[in-house]
Amino acid sequence: MIKIKKNNPFIVAVVVAGLLLFFQALGWLRPLENILTNAVKPLAGVLYNWGSDLEVSSSDGVNPAELEAKIVDLQKEVATLIVANSKSVETVSENKKLRSLLDFSASSDWQVVSAGVIARDETAEDGSGLLINRGMRDGLRVGLAVVNEEGIVVGQIVEVKDTIARICLTTSPGCQLAAAIQNESKTQGLTDGNLGLTIKMSYIPQLEKINVGDTIISSGLGGNIPRGLVIGRVASIFNESNEVWQEATIEPLVDLNRLTIVAVIIP
Amino acid sequence: MKVKKIVKFIFFIILIFVITLVQFSFIPALAPLPAAANLFLVVAIFILFFFDLRLATAAVILGGFFWDILSFNFFGFYLFSLVLTLLAAYWIMRAWLTNRSFYAWLILMTIMTIIYSLIASLLLYFFIYSGQTFFLMNGNFWQQLFYQLVDNFILALFLGLLAAAVTKRLRPFFLEKS
């Protein structure tokens, strides 16, 4: 049996912890929190990058034959994209002319704030969430889209403090985005993360025609995320004729485990 | 003498903050197996085992508070998890592991890894995941516990060998034959 002595360190610890909890609930610790997080953010980013680099270098054992096959696939894809891009350039040019004819000013009020990843989110059960070094003071709020350097959506802000924020990745269960398929009928739906590995788009009406390889973009519904940001590509379709809905599995176009720099799009 | 004490105190605070930051940013960025390591817990129990309770309590309060500030878990999660784990460790040391051998250190670290996982998971279950399956029925919990046991055991091994090399506090190294 442990005798409780005066000045028992555990009693002191519990009292101190209780006081800290009380002060935090009152908001008195916020200035100290901001000072500490601002002070450690740069070092946290460096440490995260080191850890991430170690993880990348340890998992980079690839088969040369697989690499060669992948290069061939990518070359074909590049060729297809060059063709598609040239058509897009023509479309954009035509769009500009038509807008000027209609005297329509297309102003973009969206700002972009770059952020560094400083840690993985431990609150996410499957670990698929990140913490970034920007917060409310930088204009961030819940619901904003987070993209990588190529403008591909990687997640969404789910919680914000003054100087840091938490993002859920598109593959995290519960990370839902209003999306649309780039097919003839511009099918709309909701994407949700699946086991931290892929993205699922459910409740697609049976009558909608979707194909493997279709691009999934943000639909712009809700107002927080602009329309047209690429989320991923349809990898497989689950379609039973006796079901009302069909489901699509979407593969992200970027390795979400290797993000170190992201950008937040602010309306 | 006073200046020396103040310098030691400041060094101690910086060390605890650096270890907490490494635990917060560096370790989770590693591959899944090493990312389960709880370096801070190993260091806190190390301080308790090789030094004294007061120093270990101070480490846990400072580190737990700092970890809570950085984390998006509810405030107090790490503070209370670590304080309760330290209390359990102290009780086990007083009741069972009465000598300071290498085996005692490794056994203590193994037990405390399990206890910390249980305490942390219980707190998360009651405050956040109460509507979901109880964590003991979740395969992910057991996988993470296994990874953490492996990682913490390796860290404890390393720290124990380091302590044996630089200090005489760890004596006898192995259990003495009676």
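Residues numbered from 1 in each chain as written. Chains lettered and ligands numbered in written order. Predicted model: local features only at pLDDT ≥ 70, side-chain atom pairs only at ≥ 80, totals over all residues.

Visitor: Give a description of the overall build of chain B that names residues and reports values.
Guide: The number of helices and strands found in chain B is 7 helices and 0 strands. Along chain B, helices and strands appear, N-terminal first, in the series α-α-α-α-α-α-α. Considered along the principal axes of its C-alpha atoms, chain B spans approximately 50 × 45 × 30 Å. Partitioning the intrachain contacts of chain B with sequence separation of at least 6 by distance along the chain shows that 65% fall at a separation of at least 24. (Helix = DSSP H or I, 4+ residues; strand = E, 2+ residues; numbered from the N terminus. Contact = placed C-beta atoms within 7 Å.)

Visitor: If you had to explain the interface of chain B and chain A to someone new, which residues and values would you point to?
Guide: Residue-level contacts link 31 residues of chain B with 35 residues of chain A. Residue assignment for the side of chain B that touches chain A shows that the elements contributing at least two residues are helix H1 (2-26), helix H4 (53-70) and helix H5 (77-95) of chain B. Classifying every residue of the side of chain B that touches chain A by side-chain character gives 23 nonpolar, 6 polar and 2 charged. (Nonpolar A, V, L, I, M, F, W, Y, C, P; charged D, E, K, R; others polar.)

Visitor: An account of helix H3 (residues 39-50) of chain B is requested, with residue identities and associated values reported.
Guide: Residue and element names in this part refer to chain B. For H3, which comprises 12 residues, the first-to-last C-alpha distance of 16 Å matches the rise-based estimate of 16 Å (1.5 Å per residue) to within 8%. Of all 12 residues in H3, 10 are buried, a share of seventy percent or more. Inspection of H3 places Phe40, Leu41, Val42, Val43, Ala44, Ile45, Phe46, Ile47, Leu48 and Phe49 among the buried residues, and these make up the whole buried set. Buried residues along H3 sit against H1, H4, H5, helix H6 (102-127) and helix H7 (139-166). (Expected span 1.5 Å × (residues − 1). Buried ≥ 20, exposed ≤ 12 C-beta atoms within 10 Å, placed from the backbone.)

Visitor: An account of the UniProt feature "transmembrane region" (unreviewed entry) in chain B is requested, with residue identities and associated values reported.
Guide: Residue and element names in this part refer to chain B. Mapped onto this numbering, the UniProt entry annotates "transmembrane region" (unreviewed entry) at residues 6-27, 39-66, 72-93, 105-129 and 149-167. The span residues 6-27 is 95% helical and 0% strand by assignment, and the distance between its end C-alpha atoms comes to 30 Å. In the segment residues 72-93, helix accounts for 77% and strand for 0%; the C-alpha atoms at its two ends are 33 Å apart. (UniProt positions renumbered as here; feature names shortened; annotations may be inferred.)

Visitor: Any details on the sheet that holds strand E1 (residues 111-120) of chain A? Residues and values, ideally.
Guide: All names here are of chain A. Here 6 strands make up a closed barrel; going around it, the order is E1-E2-E5-E4-E3-E12 and the pairing antiparallel. For this sheet, the mean inter-axis angle between neighbouring strands, taken without regard to orientation, is 45°. Pairing geometry for strand E3 (residues 145-147) and strand E12 (residues 261-266), over 3 bridges, is antiparallel. Along E12, the bridge assignment pairs Val146 with Val264. (Pairing = 2+ DSSP bridges. Axes fitted to C-alpha atoms, helices over the stretch in contact; angles between N-to-C directions.)

Visitor: Go over the pairing of strand E5 (residues 165-169) of chain A, please, and point to the residues and values.
Guide: All names here are of chain A. Of all 5 residues in E5, 5 are buried; the element is thus mostly enclosed. Burial along E5 is two-sided: the residues Ala165, Ile167 and Leu169 and Arg166 and Cys168 are all buried. Here strand E2 (residues 129-132) pairs with E5 via 4 bridges, running antiparallel. Counterpart to Leu130 in the pairing with E5 is Ile167. The antiparallel pairing of strand E4 (residues 153-160) with E5 creates a hairpin that spans 4 residues between the two strands.

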